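# Inside the fold
Here is how the chains run, residue by residue.
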Amino acid sequence: MSSKPMTGAEALIKCLENEGVEYIFGLSGGAALPIYDALVDSRIKLILVRHEQGASHMADGYARATGKPGVVLVTSGPGATNTITGLMTAHMDSIPMIVITGQTISSMLGKDAFQEADVYDLSMPVVKHSYLVKSTTDIPRLIREAFHITSTGRPGPVLIDVPKDFSAGPFEGDLYPEMDLPGYKPEDRQINKDDALAIAEAINKSRRPVLLVGHGALIAGAQNAIMQLAEKIKAPVVTTLLGKGAFPESHPLSLGMLGMHGTAYANKAVAECDLIMSIGSRFDDRIIGKPDMFCHNATRIHIDIDPSEFGRMIPCHHYCQGDAREVTETLLDHVAQLNTTEWLSTLEKYKKRYPLTYKQRGGLKMQCILDELNNMLGGKGIVATDVGQHQMWAAQFIRSEKPNTWLSSGGAGTMGYGFPAAIGAQFGRPQEQVWAIVGDGGFQMTMCELATASINHLPVKVIVMNNRYLGMVRQWQELFFDDRKSGVDLEGSPDFAKLAECYAPALGLTLKRSADIGKMLKRAMDYNDGPVVINAMVEKTDNVFPMIPAGAPLEEMLIKEPRKNTKLEKPTGST
Amino acid sequence: MNMKNNTETIHTLSVYVANKPGVLARVAQVFARRGYNIDSLVVSPSMDGRYSRMTIAAKGSLAGLDQIIQQVSKLVDVIHCTDHAFDSAVVKELALIKVAVSTNERTEALQVCEHFDAKTVDLTETSMIVMVTGGSEKVDACTGMLKKFNVVELVRTGKVVMARGGDTT
Ligand SMILES: Cc1cc2nc3c(=O)[nH]c(=O)nc-3n(C[C@H](O)[C@H](O)[C@H](O)COP(=O)(O)OP(=O)(O)OC[C@H]3O[C@@H](n4cnc5c(N)ncnc54)[C@H](O)[C@@H]3O)c2cc1C
Ligand SMILES: Cc1ncc(C[n+]2csc(CCOP(=O)(O)OP(=O)(O)O)c2C)c(N)n1
Ligand SMILES: [Mg+2]
């Protein structure tokens, strides 16, 4: 190291190293030049992306797969605004992530300077917190605070906007300063023992309990405690889309996912239970259907680290604020073994009567591919999805057995998420097999990242479920808008297998017949020099069931395709 | 939390915040997202210069208010947020009212001022500025009475609030 003084950028990178950052996902530009320059001498690996949205989803996928915050570094203006979708995606799903944006020099702020975007204000509704750096000296403190905020309490993304004069300027000050966060005290919150006891008492009176396990359980690392609780009180477990992996789906007490496209038996269990206890779910509108009908005769219990979730969607009888793991462990000491034999045998009947099925005849089906993939994975590997029909079928057919192996954009439903998220996950967990299940629509939003996967020789395996439609939207149009198709035909998409081949060493495969599924998946599994893209020419117009129309009570679930020409009311729920 | 409470009422919230950039925007955003209208807003430094006090009077349903308090409280730079709608607190505001009064109307105008314990802080041949302090009802009433003259301008500070006795705001 030379004796010239450190720059703000060098201090910033040093601080990131101290936080244990391994990778930065990003793309440079004028306002970020000093920081990119400082990266040259750093042990942190820079992953150059092809679009900043991709960088933000990679950081998100990295975070979901490892539990550690993902880090993004982009330039000002368009570079910064390109991360907004990724910030919103992470914010909706409580994902730890740091986005560092270059900014024009501080004296030019507010003057519509070249590539000035007021990203601090633009991003405010989609971040947990954000900073506009006001002096070089502040940089280490802000970085420390940002990492603390993003990963503690209820996680969420933090943005740091760094004017170029502060990154380029000489740094003076402390690299290990104290944090100054008098208003932020997530660790102060003690579990209220009385709340926990009241909940235990309610559980002990229940004959038909259901545990609703959400993403908060994964964030808390509560899987063992939940397993013990479920087995002790012999309660069935349903998970949300984002809770997949918090309870092994092969376990006899698992009913899989509930909600709009959940299993029929999960939704029936929820509709018929006498007690439902949410552990780290936020009762999203995609699971409660019609709010005042949701479990209206059952005792409703809500455990969450964020008290602002209490009563937001539905009122509950008991609330307990705290970490899912701590609360569940506390409850374990106070619940009795319940006799739920009758309840479990009712649910067993539902499992037999309404299994997840699909027609074995006809063309290539997404369900069939996913079913076979699930069998071949045997609970191993990491699966990332995009958004649409393929996502819902993946949620149904891929059984998640372990935490942090299921990556899906839930709250935002961001098309284009799946592939870059898989890339991020592969960086974070190089030993795991990572699959991306994407639609032909969503893949085209971020498929430029094939270059990123290829140059880094990432063996990410992508299945493009190519139904030539924006399938999920087409399904709604068919069911609720008299099949009047409006803007859903994806005519003109490229041959995704050929496309992949353009990104050597990527491998492109085409899957047309059901009989070839096993062989094709095997080829993909065995190829490790770069990404694999399987272009799966699936049936064009299949629909996802079960389905609870948005805003309808769970009792009105359509378990299978309604008869042709059945007139369905337009859904009243939000979306 | 109670879904029945949908009637709109005015609430006075006191928000104690760390003196950091952006905190006002963040607080205001919570109100706007939940469809609350901010009637008045007073921000002032507290005794300890690192913190500021915001007093926010806002109109909306009681059902949404709980949510707002929770969401404001969880902002990183907010120390705490309390509603002073029901507990006993001193709630005051100040208004400056410029009234155009001719010399022969002046005595009557001054009588109104005297009644409300208001002061004239500026006086010319043709106009006067009245300063009135007190609870919002009193300020409303005083302004109302002065309307029989020609009110040229009205500026109100908005409410400030402080908990009574040993309680802290
Ligand atoms: C096309 C589509 C269809 C969908 N269909 C369904 C469906 O059928 N079923 C379904 O479930 N979802 C569905 N979703 C997803 C849905 O929109 C929500 O994203 C999802 O239900 C939210 O799951 P969650 O509440 O578990 O997770 P999050 O939204 O991530 O919420 C996590 C909760 O846990 C809390 N928490 C965080 N940390 C802790 C901790 N340490 N301890 C305790 N609590 C903590 C948080 O405060 C928060 O309340 C769908 C999405 C899409 C795009
Ligand atoms: C960025 C974005 N734009 C639009 C939507 C609305 N949307 C939800 S699902 C869907 C269709 C997705 O089509 P595709 O990727 O082909 O997947 P499929 O449903 O066919 O499996 C659309 C357009 C969205 N979720 N995200
Ligand atoms: Mg499609």
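Criteria and thresholds
- Counting starts from 1 at the beginning of each chain's written sequence and moves along it residue by residue.
- Chain letters start at A and ligand numbers start at 1, both assigned in the order the entries are written.
- pLDDT decides what is reported in this predicted model: residues at 70 or higher carry local features, side-chain atom pairs at 80 or more are listed and counted, and totals for whole chains, interfaces and linings draw on all residues regardless.
- Heavy atoms from the whole structure form the basis of all side-chain values; hydrogens and water molecules are not counted.
- Neighbouring residues are identified by heavy atoms, a residue being near a molecule or strand if any of them is within 4 Å of it.
- Polar contact criterion, stated in full: a pair of N or O atoms within 3.5 Å, where within protein one must be able to donate a hydrogen and the other to accept it, and residues adjacent in sequence count only if both atoms are side-chain atoms.
- We get accessible surface area from the Shrake-Rupley algorithm with a probe of 1.4 Å; when it comes to residues, only the shown protein chains can shield them.
- Helix and strand assignments come from DSSP, with helices taken as H or I runs of at least 4 residues and strands as E runs of at least 2, each series counted from the N terminus.
- Two strands pair under a simple rule: DSSP has to find at least two bridges between them.
- Whether two residues touch is decided by their heavy atoms; if any such pair falls within 4.5 Å, the residues are in contact.
- Interaxial angles span 0 to 180 degrees and are taken between N-to-C directions of axes, which are lines fitted to C-alpha atoms, for helices over the stretch in contact.
- For each domain, the first and last residues come from an automatic or database assignment.
- Accessible area that two parts lose when put together, evaluated with a 1.4 Å probe and summed over both, is termed the buried area.
- In what follows, salt bridge is the name for a side-chain nitrogen of Lys or Arg lying within 4 Å of a carboxyl oxygen of Asp or Glu.
- Each residue receives one of three labels: charged for Asp, Glu, Lys and Arg, nonpolar for Ala, Val, Leu, Ile, Met, Phe, Trp, Tyr, Cys and Pro, and polar for the others, Gly being one of them.

### Quick notes on the site of ligand 2
Residue and element names in this part refer to chain A.
- Around ligand 2, the surrounding shell holds 18 residues, and the nearest of these are His 390, Gly 413, Asp 440, Gly 442 and Gly 471.
- Contact between ligand 2 and Gln 389: an oxygen atom at 2.8 Å from a main-chain N or O atom of the residue.
- A distance of 2.9 Å separates an oxygen atom of ligand 2 from a polar atom in the backbone of Met 472.
- Across the complex, the protein chains shield 76% of the 590 Å² of accessible surface that ligand 2 would expose by itself.
- If you tally residues by element for the shell around ligand 2, the top one is helix α19 (residues 440-446), at four residues.

### Side note on the sheet that holds strand β18 (residues 532-536) of chain A
Residue and element names in this part refer to chain A.
- Pairing in this open sheet of six strands is parallel, and the strands run β14-β13-β15-β16-β18-β17 from one edge to the other. One side of each edge strand has no neighbouring strand; the edge strands of this open sheet are β14 (406-407) and β17 (507-511).
- Here strand β16 (residues 461-465) runs beside β18; their pairing, made up of five bridges, is parallel. Paired with Lys 461 across the two strands is Val 532, which belongs to β18.
- Against the sheet, helix α16 (residues 366-377) touches β13 (382-385), β15 (434-439), β16, β17 and β18, its axis set at about 160° to β16.
- Across the face of the sheet, helix α23 (residues 517-526) comes into contact with β15, β16, β17 and β18 while running at roughly 170° to β17.

### Remarks on the domain arrangement of chain A
Residue and element names in this part refer to chain A.
- Assigned domains of chain A: these are domain 1 (8-187), domain 2 (189-353) and domain 3 (366-545).
- Using C-alpha coordinates to define each centre, domain 2 is positioned 30 Å away from domain 3.
- Both faces considered, domain 2 and domain 3 share a buried interface measuring about 1,400 Å² in area, 60% of it formed by carbon and sulfur atoms.
- Interface area lost by domain 2 to domain 3 is led by Leu 241, Lys 244 and His 261, which between them contribute 43%.
- Linking domain 2 to domain 3 there are zero salt bridges.
- In this assembly, domain 2 and domain 3 are joined by seven residue pairs in polar contact (both at pLDDT 80 or more).
- Counted by class, the side of domain 2 that touches domain 3 contains seven nonpolar, five polar and four charged residues.

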